[in-house]
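These are the residues of each chain, in order.
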Amino acid sequence: MHIANGIINLPVSLAFAALAVGVLAICVQRARHDLDDRLAPMAGLVAAFIFAAQMLPFPVLPGVAGHLLGGALAAILVGPWVGALCVAVVLVVQALVFSDGGLSALGLNITNMALVGTAAGYLLVAVLLRVLPRTTAGLGITAFVASVVSVVVSSQAFILEYWLGGEISLKMSLAQAAGVMGGVHALIGIGEGLIAAVTVMAVAKVRPDLVYALRALRRTPVKETVAA
Amino acid sequence: MRKTVWFVVVGVLVALLMAGVVSRYASTKPDGLESVATRGCTVDANGQITGGTCMAQSERRHEVGGPLADYPVGSGIVGVLLTFAIGAGVFWLVRKRKPVQAETRD
């Protein structure tokens, strides 16, 4: 879902770049609290894994493919603040080295995939992990649903940006564009949800202590008193 | 701590396998946003826009291109290692430091 150079006008692109820098700075501050010696290498792995998963587009419609964005997955594994930074690192590497996503569009892409995608994903995770059964399947369902919603919300952030600064005035209405964008990304979200669910369930089986969402949201009352 | 190092090593190997090998069999069709961006235009067999009105008409070339533009075969390996190095490096720098006495031990 990388926006290329020239799709959104420069003033709007720069405004979103400023927004992205500001929010990423807050993420760094909050991430510092979460990052200990164990989470730092894990966060590097999550970034590398998302980069790799983005190289595996899967078909969703005839002639249309999609790839994982990774916001919800990152939020579950390393938390929302570190997770947003992981996706941002991937997007910066892709824009600078692989010419994937325009440099002028980097702020837009970071906003959509790293910030909006991770935030939407984590909000869902925070709710679902509290209501679903505390099983591996519960975690998998959480990852799936959070991924689908995260990808669709990300796609709508692009529509907002196009409304603010799209270079071409389209024949189709903005509502139509939003519908098409949301529809395609619901399908991509299903694929992403399956990849994310398999991934977090595998990590939870081997090293449940490395899954941030399980540590942060499923604390037992006993542990909570110790932590306080 | 040592167990975590092993977990990370195995994880990076899985990522290398995905980006280096499995990616050769992945779809090369336009992604969701690209397909929406050409909606309203007619496109020829090479993906060039031949008419109509669509978002992609204002698309310009990438500003710098980049050394591994458009993911040549094998570049996934470089990308995974580079992303891991930058990610782990950045996160190592901003991590929460242990109290001084614990830090002097290593």
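Notes on the structure in this doc start here.

Each value, and the rule that gives it
Residues numbered from 1 in each chain as written. Chains lettered and ligands numbered in written order. Predicted model: local features only at pLDDT ≥ 70, side-chain atom pairs only at ≥ 80, totals over all residues. Heavy atoms only, no water. Salt bridge = Lys/Arg side-chain N within 4 Å of Asp/Glu carboxyl O. Helix = DSSP H or I, 4+ residues; strand = E, 2+ residues; numbered from the N terminus. 1 Å grid on protein atoms, 1.4 Å probe; cavity = no way out; pocket = protein on both sides within 12 Å on 5 of 7 lines; lining within 4 Å. Points joined across faces, edges and corners; volume = space filled by probe spheres on them. Nonpolar A, V, L, I, M, F, W, Y, C, P; charged D, E, K, R; others polar. Phe/Tyr/Trp six-rings, centres within 6.5 Å; stacked < 30°, edge-to-face > 60°. Buried < 20%, exposed > 50% of the residue type's maximum accessible area, 1.4 Å probe, protein only. Lys NZ or Arg CZ within 6 Å of the ring centre and 35° of its normal.

**Details of the pattern of salt bridges**
Residues and elements named next belong to chain A. This model, assessed by the stated rule, comprises 2 salt bridges over all chains. A salt bridge links Arg38 to Asp209; its shortest N-O distance comes to 3.3 Å. Here Asp209 lies in the loop between helix H7 (174-206) and helix H8 (212-217) and Arg38 lies in the loop between helix H1 (10-34) and helix H2 (39-54), a separation of 171 residues in the sequence. For Arg207, the salt bridge identified is with Asp209, shortest N-O distance 2.9 Å.

**Quick look at the layout of surface pockets**
In this structure, the largest pocket encloses a volume near 1600 Å³. What lines the largest pocket is a set of 44 residues, among which A:Asp100, B:Thr28, B:Pro30, B:Glu34 and B:Asp70 lie closest to the centre. Classifying every residue of the lining of the largest pocket gives 16 nonpolar, 19 polar and 9 charged.

**Here's the deal with the packing of aromatic side chains**
Within the structure shown, the criterion is met by 5 aromatic pairs over all chains. Summarising the aromatic geometry, the rings of A:Phe51 and B:Tyr71 are spaced 6.5 Å apart at their centres and angled 40 degrees between planes, so their arrangement reads as tilted. With one member in each of two chains, A:Phe51 in helix H2 and B:Tyr71 in the loop between strand S2 (49-52) and helix H3 (75-94) form a pair that bridges those chains. Using a relative accessible area of 0% as the deciding quantity, one classes A:Phe51 as buried. Ring pairs connect the aromatic residues A:Phe51, A:Phe98 and B:Tyr71, which therefore count as one cluster. Above the ring of B:Trp92, the side-chain terminus of B:Arg95 is found at 3.9 Å from the ring centroid.

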